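Below are the chains, spelled out letter by letter.
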Amino acid sequence: SQKIEQNSEALNIQEGKTATLTCNYTNYSPAYLQWYRQDPGRGPVFLLLIRENEKEKRKERLKVTFDTTLKQSLFHITASQPADSATYLCAPTSNTGKLIFGQGTTLQVKP
Amino acid sequence: DAGVTQSPTHLIKTRGQQVTLRCSPKSGHDTVSWYQQALGQGPQFIFQYYEEEERQRGNFPDRFSGHQFPNYSSELNVNALLLGDSALYLCASSRYPGQGYEQYFGPGTRLTVT
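Residues numbered from 1 in each chain as written. Chains lettered and ligands numbered in written order. Predicted model: local features only at pLDDT ≥ 70, side-chain atom pairs only at ≥ 80, totals over all residues. Heavy atoms only, no water.

**Q** Help me understand the pairing of strand E6 (residues 53-57) of chain B in this model?
**A** Side-chain direction in a regular strand flips from residue to residue, so the side chains alternate between the two faces of the sheet. Residues and elements named next belong to chain B. Inspection of the sheet shows strand E5 (residues 44-50) paired to E6 by four bridges, in the antiparallel sense. Residue pairing in the sheet places Gln48 in a bridge with Gln56 of E6. Adjacent in sequence and paired antiparallel, E5 and E6 are bridged by two residues, among which Glu51 carries a positive phi angle near 50°. (Pairing = 2+ DSSP bridges. Helix = DSSP H or I, 4+ residues; strand = E, 2+ residues; numbered from the N terminus.)

In structure tokens:
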């Protein structure tokens, strides 16, 4: 069955450093991969979408890579800030728009 | 422009009862998907509605059913509630796949089954 794996342990980093989150998937060939941010008690918020034929995508301090051979996506936040502290969810996406979410990685940025 | 809205915010039900959750999509969106999120887990896809029909379904029993109305709003119904149905239920709206894939989530309905 399809399986999505994200760092299960929380990631703690110092303000100003780059945070790198990993998403691995198996038994699946997504056409797209999306990243969402979720704050406690709230719904996920869309951040970035990368297509299977794209290697890298950037948006402000965010960068996503997508390696369909390794079946892996990396999500980077540069110059991290305490306000970036949240849970980040990856969601490989089929052409039908169905999202399969990983369990999420909690990021804590310390001032 | 209002985003995705859901009601109610919180709900407490007893095992065996039935519940209906409601969702209004973001303006301009015609597709609604429902997700169940248990504590500490990522959202799990329940089903997707487009043009008032269920288009895709996740691995959920028939106790979970839905409906989409002509104005694109949607309802999620759960019958014969179990303790394990306690979760945050999220509604997400989008344009139909092929026209956009990012989904906009509502704040969720916290369902507690006792």
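Continuing now.
**Q** Teacher, can you tell me more about unusual backbone geometry here?
**A** Most peptide bonds adopt trans geometry, and most residues besides glycine take a negative phi value. Residue and element names in this part refer to chain B. Residue Ser7 is joined to Pro8 through a cis peptide bond whose omega torsion reads -10°. Topologically, Pro8 is positioned in the loop between strand E1 (5-7) and strand E2 (10-13). Of note in the backbone geometry, Glu52 takes a positive phi value of approximately 65° without being a glycine. Even without a glycine there, the phi angle at Ala80 is positive, about 45°. The topology assignment puts Ala80 in the loop between strand E8 (74-78) and strand E9 (87-94).

**Q** What should I look at first to understand the state of the cysteines in this one?
**A** Two cysteines whose sulfur atoms are joined by a covalent bond form what is called a disulfide. Residue and element names in this part refer to chain A. Counted under the stated rule, the structure contains two disulfides over all chains. Between Cys23 and Cys90 runs a disulfide, and the two sulfur atoms are separated by 2.0 Å. Negative torsions about the S-S bond denote left-handed disulfides, and the value of about 55° found for Cys23 with Cys90 makes this one right-handed. Remark: Cys90 occurs in strand E9 (residues 86-93) and Cys23 occurs in strand E3 (residues 19-26); sequence separation between them is 67 residues. A single burial state applies to Cys23 and to Cys90, both of which are buried. (Disulfide = S-S within 2.5 Å. Buried < 20%, exposed > 50% of the residue type's maximum accessible area, 1.4 Å probe, protein only.)

Geometry only, nothing functional implied.
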